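Structure assessment
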Amino acid sequence: MPTYRDEAVILRTHKLGEADRIVTMLSRRHGKIRAVAKGVRRTSSKFGSRLEPFMVADVQLYQGRSLDIVQQAESLGSYGSDIAAHYDRFTSANAMVETADRLSDSEATPDQYLLLVGGLRALSRGEHSPRSILDSYLLRVMALSGWAPSLGDCARCAAPGPHTHFVGQLGGAVCVNCAPAGSPKVAEKTLSLLRSLMAGDWSVIDAAPHADNAAASGLVAAYAQWHLERGIRSLSHLVADIPREGAR
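Residues numbered from 1 in each chain as written. Predicted model: local features only at pLDDT ≥ 70, side-chain atom pairs only at ≥ 80, totals over all residues. Heavy atoms only, no water.

**With respect to the state of the cysteines**
A full pass over the atoms with the stated rule returns 0 disulfides. The thiol of Cys154 is unpaired, and the distance to the nearest cysteine sulfur, on Cys157, comes to 3.7 Å. (Disulfide = S-S within 2.5 Å.)

Here it is in structure tokens:
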């Protein structure tokens, strides 16, 4: 069987037999990979800790018929312990890897990989609010998948903005004529914050009041879950009013 190497983020694992695990990874060049890590649950395993969720590894694999086989794994980014030590970082990271896993194999590109690695690194370092890192990741990963929300002109009729409604099902900001009856209004400062999250303008994001961040988070979550067609389970565990960690 042919072998190959790649860099990969570990998305999730589950047990197989008495000592093995099936590992789902998002790789830089080969998209999503499902592989068996044999003997990884034994205490004598050489690379068990390198194949845990949120870790980044250089892996060598056998190409199998249905599942590949992990031969080697060298750590490139040990983010798991720093993320797991903080509940808000942990829940945000879970939502990120769950989203990456939901995207189809055809959407798994090098940019998707680099975006996820950057998000996990920022979470592990506590650089910004974990929820804001998640929101920025969700908006940008949706854009990379071809689902960028309209945050200026009307998503339906292209009327110039700014507009006072945001409807995820219609593609983002919509004018008053296109907004369905009963659609809630959205403040311009919330839409402006969404644009900052999309662009990664952290000076604006970090300075925004918590209430504005919470309002933007609700729109981001609704938009992402609508386009993924199924709810992101990890989002239900996020605490909306948890105190934000200071940037370090």
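Alright, that's what it looks like, and here's the rest.
**Side note on the sheet that holds strand 2 (residues 20-27)**
Spatial ordering of the closed barrel is given by 1-2-3-5-4, a layout of 5 strands whose pairing is mixed. Geometrically, the sheet is characterised by an average inter-axis angle of 50 degrees between neighbouring strands, direction not taken into account. Both strand 2 and strand 3 (residues 32-37) contribute to a ladder of 6 bridges, which runs antiparallel. Of the residues in strand 3, the one forming a bridge with Met25 is Ile33. Contacting strand 1 (3-16), strand 2 and strand 3, helix 2 (residues 87-102) crosses the sheet at an angle of about 110 degrees to strand 1. Along the sheet, helix 3 (residues 110-125) contacts strand 1, strand 2 and strand 4 (56-62); its crossing angle with strand 1, the most-contacted strand, is approximately 60 degrees. (Pairing = 2+ DSSP bridges. Helix = DSSP H or I, 4+ residues; strand = E, 2+ residues; numbered from the N terminus. Axes fitted to C-alpha atoms, helices over the stretch in contact; angles between N-to-C directions. Contact = heavy atoms within 4.5 Å.)

**Here's the deal with the pairing of strand 4**
Taken across its 7 residues, strand 4 has 5 buried, putting it largely inside the fold. Sheet topology note: the strand 1/strand 4 ladder contains 7 bridges and is antiparallel. Bridge pairing in strand 4 links Glu7 to Asp58. With 7 bridges connecting them, strand 4 and strand 5 (residues 68-77) associate as antiparallel partners. Within strand 5, the residue paired with Leu61 across the bridge is Val70. Between strand 4 and strand 5, which pair antiparallel in sequence order, lie 5 residues. (Buried < 20%, exposed > 50% of the residue type's maximum accessible area, 1.4 Å probe, protein only.)

**Remarks on the confidence of the model for the protein chain**
Across the protein chain, pLDDT averages 87, with 90% of residues at or above 70. Per-element confidence in the protein chain ranges from a low mean pLDDT of 89 for helix 7 (residues 210-228) to a high of 95 for helix 3. A low-confidence stretch, residues 239-248 (pLDDT under 50), is modelled with 25 contacts involving residues beyond four sequence positions or located in other chains. (pLDDT = per-residue confidence, 0-100.)

**Re the pattern of salt bridges**
Across all of its chains, the model carries 12 salt bridges by this definition. Arg125 is the salt-bridge partner of Glu127, the closest N and O atoms lying 3.6 Å from each other. The structure contains a network of salt bridges with shared partners spanning Arg12, Lys32 and Asp101. (Salt bridge = Lys/Arg side-chain N within 4 Å of Asp/Glu carboxyl O.)

**Considerations on the packing of aromatic side chains**
The full count for this structure, using the stated rule, is 2 aromatic pairs. Between the aromatic rings of Phe54 and Phe90, the centroid separation amounts to 5.9 Å while the plane-to-plane angle is 80 degrees, which identifies the pairing as edge-to-face. With Phe54 in the loop between strand 3 and strand 4 and Phe90 in helix 2, this residue pair connects regions lying 36 residues apart in the sequence. (Phe/Tyr/Trp six-rings, centres within 6.5 Å; stacked < 30°, edge-to-face > 60°.)

**Regarding helix 3**
An α-helical turn contains 3.6 residues, so a residue and the one three or four places further along point in the same direction. Between its first and last C-alpha atoms helix 3 spans 23 Å; for 16 residues at 1.5 Å apiece the expected length is 22 Å, and the two agree. Taken together, the buried positions of helix 3 are Gln112, Tyr113, Leu115, Leu116, Val117, Gly119, Leu120, Ala122, Leu123 and Ser124. On its buried face, helix 3 is in contact with strand 1, strand 2, strand 4, helix 1 (80-84), helix 2 and helix 4 (130-144). (Expected span 1.5 Å × (residues − 1).)

**Some details on the packing of helix 2 against helix 3**
Remark: helix 2 packs on helix 3, axes separated minimally by 10 Å, with the N-to-C direction vectors making an angle of 175 degrees. Regarding the angle of helix 2 to helix 3, the classification is roughly antiparallel. Contacts between helix 2 and helix 3 involve Arg89, Ser92, Ala93, Met96, Val97 and Ala100 on the former and, on the latter, Leu116, Gly119, Leu120, Leu123, Ser124 and Arg125. By residue class, the composition of the contact of helix 2 with helix 3 is 7 nonpolar, 3 polar and 2 charged. (Parallel < 35°, antiparallel > 145°, perpendicular 65-115°, else oblique. Nonpolar A, V, L, I, M, F, W, Y, C, P; charged D, E, K, R; others polar.)

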